Amino acid sequence: MHSFASDGEESRIDSELCHLVGGEMREVEIMEEEEVDKPEHDTHSNSSSKKGSSSGSKKSGKLDKIKSASTKSASLSSSKKKVDSEASSKLSPKGKNPSEKSPIDKPNDKILKKGNVGIRLMKKRRNSPLGGVKLPNGTKDESGLDNPDLGRFLLKQARDLVSSGDNPQKALELALRASKSFEICANGKPSLELVMCLHVTAAIHCSIGQYSEAIPILEHSIEILVPEEGQEHALAKFAGYMQLGDTYAMLGQVENSTNCYSTGLDVQKQALGETDPRVGETCRYLAEAHVQALQFDDAQMVCQMALDIHRENGSPASLEEAADRRLMGLICETKGDHEAALEHLVLASMAMVANGQESEVASIDCSIGDAYLSLSRYDEAVFAYQKALTAFKTTKGENHPSVASVFVRLADLYNKTGKLRDSKSYCENALRIYEKPVPGIPPEEIASGLSDVSAIYESMNELDQAIKLLGKALKIYNDAPGQQSTIAGIEAQMGVMYYMMGNYSESYNSFKNAISKLRASGEKKSAFFGIALNQMGLSCVQRYAINEAAELFEEAKIILEQECGPYHPDTLGVYSNLAGTYDAMGRLDDAIEILEYVVEMREEKLGTANPDVVDEKKRLAELLKEAGRVRSRKARSLENLLDGNSHDINKDGIAVS
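What counts, and at which threshold
- Residues numbered from 1 in each chain as written.
- Predicted model: local features only at pLDDT ≥ 70, side-chain atom pairs only at ≥ 80, totals over all residues.
- Heavy atoms only, no water.
- Helix = DSSP H or I, 4+ residues; strand = E, 2+ residues; numbered from the N terminus.
- Buried < 20%, exposed > 50% of the residue type's maximum accessible area, 1.4 Å probe, protein only.
- Contact = heavy atoms within 4.5 Å.
- Polar contact = N/O pair within 3.5 Å; in protein donor to acceptor, adjacent residues only side chain to side chain.
- Phe/Tyr/Trp six-rings, centres within 6.5 Å; stacked < 30°, edge-to-face > 60°.
- Axes fitted to C-alpha atoms, helices over the stretch in contact; angles between N-to-C directions.
- Parallel < 35°, antiparallel > 145°, perpendicular 65-115°, else oblique.
- Left-handed = near helix turned anticlockwise from the far one by under 90°.
- Nonpolar A, V, L, I, M, F, W, Y, C, P; charged D, E, K, R; others polar.
- Expected span 1.5 Å × (residues − 1).
- Salt bridge = Lys/Arg side-chain N within 4 Å of Asp/Glu carboxyl O.
- pLDDT = per-residue confidence, 0-100.

Within the element layout of this structure, asparagine 415 appears in helix 15 (residues 401–416). On the basis of relative accessibility, which here comes to 15%, the residue asparagine 415 falls in the buried class. Distance from asparagine 415 to methionine 460, taken between C-alpha atoms, is 8.0 Å for residues 45 residues apart in sequence. Residues in contact with asparagine 415, not counting those within four places in the same chain, are Leu420, Ser423, Ile456, Ser459 and Met460. Within polar-contact distance, the side chain of asparagine 415 engages the side chain of serine 459 at 2.7 Å.

The next subject is the packing of aromatic side chains. Each aromatic ring pair is summarised here by two numbers: the centre-to-centre distance and the angle between the ring planes. Tallied over the entire structure, the rule returns five aromatic pairs. Following the ring pairs from residue to residue traces out a cluster consisting of Phe407, Tyr414 and Tyr426.

The angle between the axes and the distance between the axes are what describe a pair of packed helices. Between helix 20 (residues 504–520) and helix 21 (residues 527–542), the shortest axis-to-axis distance is 9 Å and the interhelical angle comes to 150°. Taken together, the axes of helix 20 and helix 21 lie roughly antiparallel to each other. In this structure, the crossing between helix 20 and helix 21 has a hand that is left-handed. Each of Tyr504, Ser507, Tyr508, Phe511, Lys512, Ile515, Leu518 and Arg519 in helix 20 lies in contact with helix 21, whose residues at this interface are Phe528, Phe529, Ala532, Leu533, Gln535, Met536, Ser539, Cys540 and Gln542. Looking at the contact of helix 20 with helix 21, its residues break down into eleven nonpolar, four polar and two charged.

Next up on the list: unusual backbone geometry. Located in the positive-phi region is serine 376, a residue other than glycine, with phi close to 60°. If you trace the backbone, serine 376 turns up in the loop between helix 13 (358–374) and helix 14 (378–396).

Here we come to helix 23 (residues 569–585). Here helix 23 contains 17 residues, and its C-alpha end-to-end distance of 24 Å stays within 8% of the 24 Å for a straight helix at 1.5 Å per residue. Most of helix 23 is tucked away, with 13 of its 17 residues classed as buried. Directly beyond the C-terminal end of helix 23, a positive phi value near 85° is found at glycine 586.

If you check helix 19 (residues 484–500), its first and last C-alpha atoms are 24 Å apart, about what 17 residues at 1.5 Å a residue would give, namely 24 Å. Most of helix 19 sits inside the fold, with 16 of its 17 residues counted as buried. Downstream of helix 19 by one or two residues, glycine 502 has phi in the positive range, about 85°.

Quick look at the pattern of salt bridges now. Considering all chains together, one arrives at 19 salt bridges under this definition. Its salt-bridge partner being arginine 325, residue glutamate 321 comes within 3.3 Å of it at the nearest N-O pair. With glutamate 321 and arginine 325 both in helix 11 (residues 319–335), this residue pair falls four residues apart, about one helical turn. Overall, glutamate 321 belongs to the buried group, its relative accessible area being 14%. The residue glutamate 555 makes a salt bridge to arginine 519 at a minimum N-O spacing of 2.9 Å. With glutamate 555 in helix 22 (residues 546–563) and arginine 519 in helix 20, this pair connects stretches of sequence that are 36 residues apart. For glutamate 555, a relative accessible area of 26% gives the class partly exposed. Under the relative-accessibility criterion, arginine 519 is labelled partly exposed at 33%. Taken together, the shared-partner salt bridges connect Asp149, Arg152 and Glu193 into one network.

Attention shifts here to the confidence of the model for the protein. Summing up the model confidence of the protein, the mean pLDDT is 74 and the portion of residues at 70 or higher is 72%. Counting contacts from residues 1–139, a segment whose pLDDT is below 50, to residues more than four positions away or on other chains yields 365 contacts. Confidence drops under pLDDT 50 across residues 634–657; counting only partners more than four residues distant or on other chains, this segment forms twelve contacts.

Listed below in structure tokens is the structure:
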């Protein structure tokens, strides 16, 4: 069955060949050696893959720039809107055409029906060269690996061991020998059985935490297949790319992960056509990966592709379309398009009700409440939250984290409307649930909830309590695979709060840990990484590590110029900090050059009377006076001034930019 709302469940993606993906395996029938009554028929298990982000993979909040390196304190702005933890759990594209594996050793069916003979046969195989008896020199005898039945037998044994959980290391050894057998039998030709075996081998590596070892195996499986050989080869290649993307995600390599998903989507489109429903499911999977990577423009584009496929197929409002609209609503909400978000979420809620999924409507009501809150429609937001709260208490119990998540939303609402007593009361109710969670709740969900409550306490300027809660969240994550970006976000948030408290050494250490994780996870090109570098540079300034601060500001400047553009407020803030650092280093000319640019840009964007512009002009005047210079202004003709400040005029005669 498809997992559409994925409330508290793992993400799954089934390949078109229905072989194992991602290191988690479904139970298969375990072969009993002592008594065999009938022929063994094995089916390929459904593939599954854990996405690194799940709800906890969202970073705890985006850092704001701090304008002055020497005089202005740190501040936090959660411009990176929190995406609903339940709604952003991975929704799975699943395969449609499971295939059955042919019976192993069919000619021996009659013999296997006799218990004693069956036992002797099994023992004979284990002690034969086919079982890999060690030679006197310690090497394994690989004779007989050219028998295709051996590869199937070894693969069956490996899968049975993994499903029983007895000996994953032995299972890995068997899978590797099966791969060798299939490779010899393939004799250099594309082989679907070899590819399937490689996927299983990679999955076993992942199940024991050996993600790096799985990557070259999956890359090899992708290289083997030629899509021109037929649809089965193309779909197997697609499955390989998706499993490889999942493995990169578990290593925190977000960019490599999304690249694999994108390539897999292209292969699937060529094999099935661009309007196949399975392509739409993969689009949703890729869109969710982009959301976790904070690539909201890309996420919106891919999610729209999924919605277009539903429209092309002309099907009535389905659960798949509801899931896509729900995701699109969250993306629009994060990008600030609250009206569009509300429209998609209401349509998703209606589709859920029409398909008899009333239990899932509560989660969407929470997102609808978020949209109303962003639009300052507080009464409607309270109504949506209270409706969701009642539903969660009825269906999941008073102490479920879903109930706590609604308490957090109500606390945020009352905090924004100035009702601090009510806000604290709801925070305390949420913490009572998070600190004593019911059994079976994913730890990441608890950690995410603690981070959300921390953000509210931070906005109340109760920094000690906020840091304490983030510390508990870090302890829960405990450097879990696939959560490195989330952990880095929490550490960066703690760095900001330590800076605000004047504890610059702790601030520096927190930022240092966060940035090292972001570098390792491949997020060196994100705007978040640039802002974190800027904040760490400010901590260095306060610790009088001026040279290190300059290096950090310079790196942040390059990243933010690429990601946000040279005129973005965050980029201009880094320019200003870098100018102050150059001034402290005695590089007066460099500082003046940068500050002149900052003042010019701020005057154009904010106007000459803006307080920020006035402050920057004072700093520039002081530097110019110290250098014995005057401010250089570019000569601009009246025509250029008019062109540079021209605006379109609407039908009412009002200038609009």
